[in-house]
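# Structural features, examined
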Amino acid sequence: EKITVTNEADAKAIEKALDCASYHVANVTKGSRKKVPAPPFITSTLQQEASRRLGFTATRTMRAAQTLYEGVDMGVEGTVGLITYMRTDSLRLSDEAVAEAKAYIESEYGAKYVCAAKRVYKSKNATAAQDAHEAIRPTMTSLTPDEVEKSLSGDTAKLYRLIWSRFIASQMTDCEMDTVSADIAAAGYIFRASGFVVTFDGFTALYEEATEEKEKKETALPPLSQGDALKLRDLKSEQKFTQPPARYTEATLIKALEENGIGRPSTYAPIITTIIDRDYVERDAKKLKPT
């Protein structure tokens, strides 16, 4: 039963009971889980990830993507279009592109990093997706970010590395983890600690998706067995308040536009530019604040 502490007196009473109590491991649950790579980019996810990871606005992202799509002078090879069309809502990938990616993964990381089957990703809003283009991916897997950076720099180089890494990672094997959850009993109360150990890094050897907020981090736990006696090192009681919903950032606003069926891949950046230019919202650090 989960207890609800409604006042300071209750909190102090619980704290006092726990301060001099004896602690032991009541139960240990072990398991395993797999983490699947994120799909290749579509317009909305590219704008969100570039905002979170690189601090780019949607307009800045699309400007760099347009340059990559139209073509870059690669010296001996001439002008090369480095990515597929950047205004898309489809997660479809051609068989040729997937085969190229798998060949690269095997040569660079080894066969155990290659996903045995072709990963097929479905759009969240499949009915609204037009599926006119493939997902955003490099036109040639062999043009690695390191190779491209001999001819590129700045925003375009950073964005190409992001697109290339996400596409390659989408065809790699899952990340495998051993999980452990321990129940710690004291004075009739139970505390739960969760942790994990990565047993095979899989796609995370190359790429992991950035997160908007600081997520609750599980930690590595020491070896624990049922019945183990534990020594209390520290006991903290904190008062928490219900927080209002966070203000939108460009990344979370684009996600909300997509989820609510507002706009198309080509209009996410202009929508944000318009509401800022007309002073409907203003930038407050990374947040969008209504005027």
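Residue numbering note: each chain is counted from 1, following its sequence as written. In view of the model being predicted, local features appear only for residues whose pLDDT reaches at least 70, and side-chain atom pairs are presented and counted only at 80 or more, with totals across whole chains, interfaces and linings using the full set of residues. Side-chain numbers come from the whole structure's heavy atoms, not from hydrogens or water.

### Structural notes on helix α2 (residues 43-54)
The end-to-end C-alpha separation of α2 is 16 Å, in line with the 16 Å expected for 12 residues at 1.5 Å each. For the exposure calls, accessible area comes from a 1.4 Å probe over protein chains only, and a residue counts as buried if that area is under 20% of its type's maximum, exposed if over 50%, partly exposed in between. Segments assigned H or I by DSSP are reported as helices when at least four residues long, segments assigned E as strands when at least two residues long, and all are numbered from the N terminus. For α2, the full list of buried residues reads Thr 43, Ser 44, Leu 46, Gln 47, Gln 48, Glu 49, Ala 50 and Ser 51. The secondary structure elements touched by the buried residues of α2 are α3 (58-70), α6 (154-169), α7 (250-259) and α8 (268-277). In a helix, the anticipated span is given by 1.5 Å times the number of residues less one. Every residue pair with non-hydrogen atoms within 4.5 Å of one another is taken to be in contact.

### Re the packing of aromatic side chains
Stacked, tilted and edge-to-face are the three classes assigned to paired rings of Phe, Tyr and Trp, where Trp is represented by its six-membered ring and a pair needs centres within 6.5 Å; plane angles under 30 degrees give stacked, over 60 edge-to-face, the rest tilted. Tallying each qualifying case throughout the model produces 4 aromatic pairs. An angle of 45° between the planes, with centres 5.7 Å apart, marks the rings of Tyr 109 and Tyr 113 as tilted. Three or more aromatic residues joined by ring pairs form one cluster here, namely Tyr 109, Tyr 113 and Phe 200.

### A word on the confidence of the model for the protein chain
Of all residues in the protein chain, 95% have pLDDT values of 70 or greater, and the mean over the chain is 89. Considering each helix and strand of the protein chain separately, the mean pLDDT is smallest for strand β2 (residues 72-73), with a value of 85, and largest for α6, with 96. The predictor attaches a confidence to each residue, and that confidence, scored 0 to 100, is pLDDT.

### Quick word on the pattern of salt bridges
Only one rule defines a salt bridge in this text: a Lys or Arg side-chain nitrogen within 4 Å of an Asp or Glu carboxyl oxygen. Scanning the model with the defined rule gives 16 salt bridges in all. Of the charged contacts in the structure, one is a salt bridge between Arg 52 and Glu 209, with a shortest N-O distance of 4.0 Å. Separated by 157 residues along the polypeptide, Arg 52 in helix α2 and Glu 209 in the loop between β5 (189-200) and β6 (229-230) bring together distant segments of the chain. Judged by its relative accessible area of 22%, Arg 52 falls in the partly exposed class. Among the salt bridges present, the one from Arg 161 reaches Asp 146, with a minimum N-O distance of 2.8 Å.

### Some remarks on unusual backbone geometry
Here the phi dihedral of Asp 279 falls at roughly 65°; this positive angle occurs in a residue that is not glycine. Locating Asp 279 in the fold gives a position in the loop between α8 and β7 (281-284). The backbone of Ala 285 sits at a positive phi, close to 60°, despite the residue not being glycine. Inspection of the secondary structure assignment puts Ala 285 in the loop between β7 and β8 (287-290).

### Some points on the layout of surface pockets
Cavities and pockets were defined on a 1 Å grid built from protein atoms only: a cavity is a group of points that admits a 1.4 Å probe but offers it no way out, a pocket is an open group of points flanked by protein on both sides within 12 Å along at least five of seven lines, and a lining residue is one with an atom within 4 Å of any such point. Grid points are joined across faces, edges and corners, and a volume is the space filled by probe spheres set on the points. Space inside the largest pocket adds up to approximately 1,800 Å³. Along its surface, the largest pocket is lined by 34 residues, and Leu 18, Phe 191, Leu 235, Lys 236 and Ser 237 are the ones closest to its centre. Counting residues per element, the lining of the largest pocket draws most heavily on helix α1 (residues 8-19), at 6 residues. Charged means Asp, Glu, Lys or Arg here, nonpolar means Ala, Val, Leu, Ile, Met, Phe, Trp, Tyr, Cys or Pro, and polar covers whatever is left, Gly included. For the lining of the largest pocket, the residue count by class is 17 nonpolar, 5 polar and 12 charged.

### Some details on the sheet that holds strand β1 (residues 23-35)
Strand order in the open sheet formed by 4 strands is β5-β4-β1-β6, and the pairing between neighbours is antiparallel. Of all the strands in the sheet, the pair left with one neighbour each is β5 and β6. DSSP bridges decide pairing: two strands pair if at least two such bridges lie between them. Where strand β4 (residues 175-186) lies against β5, 11 bridges are found, and the strand directions are antiparallel. Counterpart to Ile 184 in the pairing with β5 is Phe 191.

### With respect to the nonpolar core
With 52 residues, the main nonpolar core has Leu 68, Leu 82, Ile 83, Leu 159, Tyr 160, Ile 163 and Ile 168 as its most contacted residues. Those elements that provide at least two residues to this core are α2, α3, α4 (95-109), α6, β4, α7 and α8. Among the elements that make up this core, the one with the highest residue count is α6 (9 residues). Among all residues touching Leu 82, those that are not within four sequence positions of it are Leu 68, Val 72, Met 74, Arg 137, Pro 138, Thr 139, Leu 143, Val 148, Leu 152 and Tyr 160. Nonpolar cores are built from buried Ala, Val, Leu, Ile, Met, Phe, Trp, Tyr and Cys residues. Side-chain atoms within 4.5 Å join them into one set. Grouped together as the second largest cluster of nonpolar side chains are 8 residues, Ile 14, Leu 18, Tyr 23 and Ala 186 included.

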